[in-house]
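# A closer look at the structure
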Amino acid sequence: MSSVIKVDIPENSYEITVAPGSLDQLGEQMTGLKLGKKVLLVSNPMIFKHYGERAIASLKNAGFDVVHYNLPPGERYKTLNSIQKIYDVALEHRLERSSTMVALGGGVVGDMTGFAAATWLRGINVVQVPTSLLAMVDSSVGGKTGVNHPQGKNLIGAFHQPSLVLIDPEVLKTLPAAEFRAGMAEVIKYGVIWDAELFTQLEASKHLDQLRYVKSDLINYILTHSCQAKADVVSQDEKESGLRAILNYGHTIGHAVESLTNYRLLKHGEAVGIGMIAAGEIAVKLGLWQKADIERQNALMKKAGLPTKLPAGLDIAAIIDALQLDKKVKSGKVQFVLPTQIGAVKVTDEVPTDTIRQVLEEMAG
Ligand SMILES: NC(=O)c1ccc[n+]([C@@H]2O[C@H](COP(=O)([O-])OP(=O)(O)OC[C@H]3O[C@@H](n4cnc5c(N)ncnc54)[C@H](O)[C@@H]3O)[C@@H](O)[C@H]2O)c1
Ligand SMILES: O=C(O)C(=O)C[C@@H](O)[C@H](O)[C@H](O)COP(=O)(O)O
Ligand SMILES: [Zn+2]
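Residues numbered from 1 in each chain as written. Chains lettered and ligands numbered in written order. Predicted model: local features only at pLDDT ≥ 70, side-chain atom pairs only at ≥ 80, totals over all residues. Heavy atoms only, no water.

### Description of the overall build of the chain
For the chain, the helix and strand inventory stands at 13 helices and 11 strands. The C-alpha radius of gyration computed for the chain amounts to 20 Å, which stays within 12% of the reference 21 Å derived for 365 residues, consistent with globular compactness. Taken over the C-alpha atoms alone, the chain extends approximately 60 × 40 × 35 Å along its principal axes. The burial tally for the chain puts 58% of its 365 residues in the buried class. Long-range contacts, defined as pairs at least 24 residues apart, comprise 76% of the intrachain contacts of the chain with a sequence gap of at least 6. For the chain, the exposed surface amounts to about 15100 Å²; the carbon and sulfur share of it is 49%. In the chain, the 38 positive side-chain charges and the 39 negative ones have mean positions that sit 3 Å from each other. (Helix = DSSP H or I, 4+ residues; strand = E, 2+ residues; numbered from the N terminus. Rg over C-alpha atoms; globule rule 2.2 N^0.38 Å. Buried < 20%, exposed > 50% of the residue type's maximum accessible area, 1.4 Å probe, protein only. Contact = heavy atoms within 4.5 Å. Areas by Shrake-Rupley, 256 points an atom, 1.4 Å probe, with all protein chains shown as cover. Lys, Arg positive; Asp, Glu negative; His and termini not counted. Charge placed at Lys NZ, Arg CZ, Asp CG, Glu CD.)

What follows is the structure in structure tokens.
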């Protein structure tokens, strides 16, 4: 079963195709988009080993002239230094304004390839072919691209929408289980912030961490509902001047924890899950959310195999300080995305620091 979701942004509209086996149709799918002949496929060694040759064969069959480059794997390499290496390859192979970079990988490859494409020759085409659950449901859609600064997460970047997002759920078969679990945090996020029906479906599933092996329509349902939620939000507010901030649910504390632990202890999705629990607890303490609802959220997080406590030994004062580097900070005030019911959130800067501290202390591992 395949589905197409439209991201409707003036002058930047594109489609997200979710279709099993579609990796072999990459070239064909790109043909209709009137892109130039030259393609730089960016991946990492592990993903390239699994899927690189198939992607390249499909591109070549469709008449594209392809070179490829593998980034070192991992969040620690999501840096300007890695972007410089992509530029070097782009220069060596004379990528032109009409050329395309194809990101074949998880969110790290996607964010960096997107940023290189956004900035090379002041912007060339990018196609996202996400291979992790997280990249399929989140990072490949919406055009946020970038890298980390040594002091903080995603501090350098640009909005640059892809020309196409091509999701082949079959590639999830090789995704390590822990990565699948981490991606599920962003799926649960959509349930809490936007799509109560998705949330209920996740609650009804017995095999949240095994879904990619189970023969059921649920994985397709999860991919399409998550992409639809993101497309709905981004279509209304491409550059986060308002509504889009809700996609940052769990990220205010999540990003602080991720960068304070030097991207070594937690995967992005795990840190976001911890941040969602913290934001939920803050919402309950402020009387915005019912206890019964946060219990549902946290039960889902446990069922998905996600951590629910802060890593041991983290300095709570350092987390509170790091919140100041969040991109949502306005006039020095930290903004939180807080749930009000399953499927709805509000953004507020009225969260007392004492409440944040109390919640973090309760969550200390
Ligand atoms: N731009 C956005 O809107 C957005 C949204 C969410 C997250 N992000 C970013 O995405 C990144 C996290 O992405 P991620 O969770 O995909 O991590 P990742 O890109 O590091 O991928 C996780 C691991 O899975 C491996 N992998 C990926 N697909 C595979 C497959 N099919 N088979 C085997 N191995 C595979 C990768 O090699 C890597 O080791 C973070 O940097 C985060 O900030 C960006
Ligand atoms: O697309 C968005 O907008 C999001 O906030 C999605 C997040 O899951 C993602 O991690 C994003 O990169 C965070 O954005 P940032 O602006 O806080 O870096
Ligand atoms: Zn995220």
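Next comes the rest of the write-up.
### A look at the pairing of strand β2 (residues 14–18)
Most of β2 is tucked away, with 4 of its 5 residues classed as buried. The pairing of strand β1 (residues 3–7) with β2 spans 5 bridges and is classified as antiparallel. Across the sheet, V4 pairs through a bridge with T17, a residue of β2. In this structure, the hairpin formed by β1 and β2 is closed by a connection of 6 residues, where E11 is found at a positive phi of approximately 65 degrees. (Pairing = 2+ DSSP bridges.)

### As for the site of ligand 1
By nearness alone, 25 residues border ligand 1, and E75, T131, S132, K153 and T174 come closest of all. One of the side-chain nitrogen or oxygen atoms of D111 is found 2.9 Å away from a nitrogen atom of ligand 1. In this structure, V171 approaches ligand 1 through a main-chain N or O atom, which is 3.0 Å from a nitrogen atom. With the chains in place, 90% of the 860 Å² that ligand 1 exposes on its own is no longer accessible. Elements supplying a minimum of two residues to the shell around ligand 1: α2 (45–61), α4 (107–119), α5 (133–139), β8 (152–159) and α6 (177–193). A breakdown of the residues in the shell around ligand 1 according to their chemical character gives 7 nonpolar, 9 polar and 9 charged. (Near = heavy atom within 4 Å. Polar contact = N/O pair within 3.5 Å; in protein donor to acceptor, adjacent residues only side chain to side chain. Nonpolar A, V, L, I, M, F, W, Y, C, P; charged D, E, K, R; others polar.)

### Here's the deal with helix α13 (residues 353–362)
Listed in full, the buried residues belonging to α13 are T355, I356, V359 and L360. In a view along the axis of α13, the buried residues occupy a sector of 130 degrees, so they form one face of it. (Arc of directions from axis to C-beta.)

### Side note on the UniProt feature "binding site: NAD(+)" (unreviewed entry) in the chain
This chain's UniProt record puts "binding site: NAD(+)" (unreviewed entry) on G107, V108, V109, G110, D111, T131, S132, K144 and K153. Annotated residues from the preceding list that form part of the lining of the largest cavity: these are K153. By the secondary structure assignment, S132 is in the loop between β6 (125–130) and α5. In contact with S132, other than residues within four places in its own chain, are G105, G106, G107, L172 and L175. (UniProt positions renumbered as here; feature names shortened; annotations may be inferred. 1 Å grid on protein atoms, 1.4 Å probe; cavity = no way out; pocket = protein on both sides within 12 Å on 5 of 7 lines; lining within 4 Å.)

### Here's the deal with the site of ligand 2
The immediate surroundings of ligand 2 are formed by 14 residues, with D138, K144, K230, R244 and K327 found nearest. A distance of 2.8 Å is found between an oxygen atom of ligand 2 and a side-chain nitrogen or oxygen belonging to R244. Between an oxygen atom of ligand 2 and a side-chain N or O atom of H268, the distance comes to 3.0 Å. Against a free-state accessible area of 430 Å², the protein chains account for coverage of 91% of ligand 2. Where the shell around ligand 2 is concerned, the elements lending two or more residues are α6 and α9 (251–260). In terms of residue class, the shell around ligand 2 is made up of 1 nonpolar, 5 polar and 8 charged.

### Looking at the pattern of salt bridges
Counted by the stated rule, this structure contains 15 salt bridges. Residues E362 and K285 are paired through a salt bridge, measuring 3.1 Å at the closest nitrogen-oxygen approach. One end of the pair, E362, is in helix α13; the other, K285, is in helix α10 (residues 268–285), and 77 residues separate them in sequence. A relative accessible area of 41% means that E362 is categorised as partly exposed. Accessibility expressed as a relative area gives 36% for K285, which makes it partly exposed. Ionic contacts of the salt-bridge type, sharing partners, join the residues E75, K78, D111, K153 and E258 into one network. (Salt bridge = Lys/Arg side-chain N within 4 Å of Asp/Glu carboxyl O.)

### Concerning the confidence of the model for the chain
Per-residue pLDDT for the chain has a mean of 96; in total, 99% of the residues score no lower than 70. Confidence estimates for the predicted assembly give a pTM of 0.98 and an ipTM of 0.99. (pLDDT = per-residue confidence, 0-100.)

### A word on the sheet that holds strand β5 (residues 100–105)
Remark on secondary structure: sheet strands pair via backbone hydrogen bonds, oriented parallel or antiparallel. Spatially, 7 strands are ordered β1-β2-β9-β6-β5-β3-β4 in an open sheet, and the strand pairing comes out mixed. This sheet does not close on itself; its edge strands, each paired only once, are β1 and β4 (65–70). Geometrically, the sheet is characterised by an average inter-axis angle of 20 degrees between neighbouring strands, direction not taken into account. On the sheet, helix α3 (residues 80–92) packs against β3 (38–43), β4 and β5 and is oriented at approximately 155 degrees with respect to β3. (Axes fitted to C-alpha atoms, helices over the stretch in contact; angles between N-to-C directions.)

### Observations regarding the side chain of S82
With respect to the helices and strands, the residue S82 is situated in helix α3. Here Y77 takes part through its backbone oxygen, which lies 2.6 Å from a polar atom of the side chain of S82. The residues contacting S82, other than those within four sequence positions of it, are L71, Y77 and M112.

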